[in-house]
Amino acid sequence: MNRKAVLSIVGFCLFIFGFLSLLLSIVGIKIVFLLWLDYFGGLVGMLLKLSMIIAGIVIVVVTRGDEARFDDYLDEYE
């Protein structure tokens with residue numbers, strides 16, 4: 001697999017696990033391997049889950065972006 005595919009999968013997994021963890025914590029269900037996020041307290045755990053979601057979205061958007069459409073704006077002097 002190439003690097004973009006691996007990063008896309010990592011970003012998607014971050015988004016899914018962060019979203020599921022946040023959604024299920026509202027109901028009272030915890031994902032076992034993410035329990036350490038709640039040891040810091042409720043607010044910090046929620047912020048860490050939100051940062052997982054945002055980081056996942058950013059990774060997917062950056063890796064799936066089309067680099068060729070920005071070639072017109074880049075200088076030739078590099």
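Coordinates for the structure precede this section.
What you see is a predicted model; the values in this text were computed from it and never measured.

> Explain the environment of Ile54 to me, please; I cannot follow it from the model alone.
You can see Ile54 is positioned in helix α2 (residues 42–64). Measuring from C-alpha to C-alpha, the distance between Ile54 and Leu14 comes to 8.7 Å, with 40 residues separating the pair along the chain.

> What should I look at first to understand the packing of helix α1 (residues 3–27) against α2 in this one?
What describes two packed helices is the angle between their axes and the distance between those same axes. Contact geometry for α1 and α2: axes closest at 7 Å, N-to-C directions at 150 degrees. Taken together, the axes of α1 and α2 are roughly antiparallel relative to one another. Note on packing geometry: the crossing formed by α1 with α2 is left-handed. Taken together, the residues of the contact of α1 with α2 sort by class into 15 nonpolar, seven polar and three charged.

> Explanation requested: the side chain of Ser8 in the structure shown.
Locating Ser8 in the fold gives a position in helix α1. For Ser8, a relative accessible area of 10% gives the class buried. A polar side-chain atom of Ser8 sits 2.9 Å from the main-chain carbonyl oxygen of Lys4. Sequence-distant contacts of Ser8, that is, excluding residues within four places in its chain, are made with Val60, Thr63 and Arg64.

> Just to check I follow, could you spell out the side chain of Thr63 for this structure?
Along the chain, the position of Thr63 falls in helix α2. Of the polar contacts made by the side chain of Thr63, one reaches the side chain of Ser8; its length is 3.0 Å. A polar atom in the side chain of Thr63 sits 3.2 Å from the backbone oxygen of Val60. For Thr63, the contacting residues outside a window of four places in its chain are Lys4, Leu7 and Ser8.

> Looking at this model, I keep getting lost on the pattern of salt bridges. Mind explaining?
Note on pairing: side chains with opposite charge can pair once their charged atoms come close. Following the criterion strictly, the structure yields two salt bridges and no others. The shortest N-O distance in the salt bridge between Asp38 and Lys30 comes to 3.2 Å. Relative accessible area serves as the criterion here: at 22%, Asp38 is assigned to the partly exposed category. With a relative accessible area of 42%, Lys30 lands in the partly exposed category. When the shortest N-O distance is used, the salt bridge between Lys49 and Asp38 registers 3.2 Å. With Lys49 in helix α2 and Asp38 in the loop between α1 and α2, this pair connects stretches of sequence that are 11 residues apart. Judged by its relative accessible area of 3%, Lys49 falls in the buried class.

What counts as what
- Residues numbered from 1 in each chain as written.
- Predicted model: local features only at pLDDT ≥ 70, side-chain atom pairs only at ≥ 80, totals over all residues.
- Heavy atoms only, no water.
- Helix = DSSP H or I, 4+ residues; strand = E, 2+ residues; numbered from the N terminus.
- Axes fitted to C-alpha atoms, helices over the stretch in contact; angles between N-to-C directions.
- Parallel < 35°, antiparallel > 145°, perpendicular 65-115°, else oblique.
- Left-handed = near helix turned anticlockwise from the far one by under 90°.
- Nonpolar A, V, L, I, M, F, W, Y, C, P; charged D, E, K, R; others polar.
- Buried < 20%, exposed > 50% of the residue type's maximum accessible area, 1.4 Å probe, protein only.
- Polar contact = N/O pair within 3.5 Å; in protein donor to acceptor, adjacent residues only side chain to side chain.
- Contact = heavy atoms within 4.5 Å.
- Salt bridge = Lys/Arg side-chain N within 4 Å of Asp/Glu carboxyl O.

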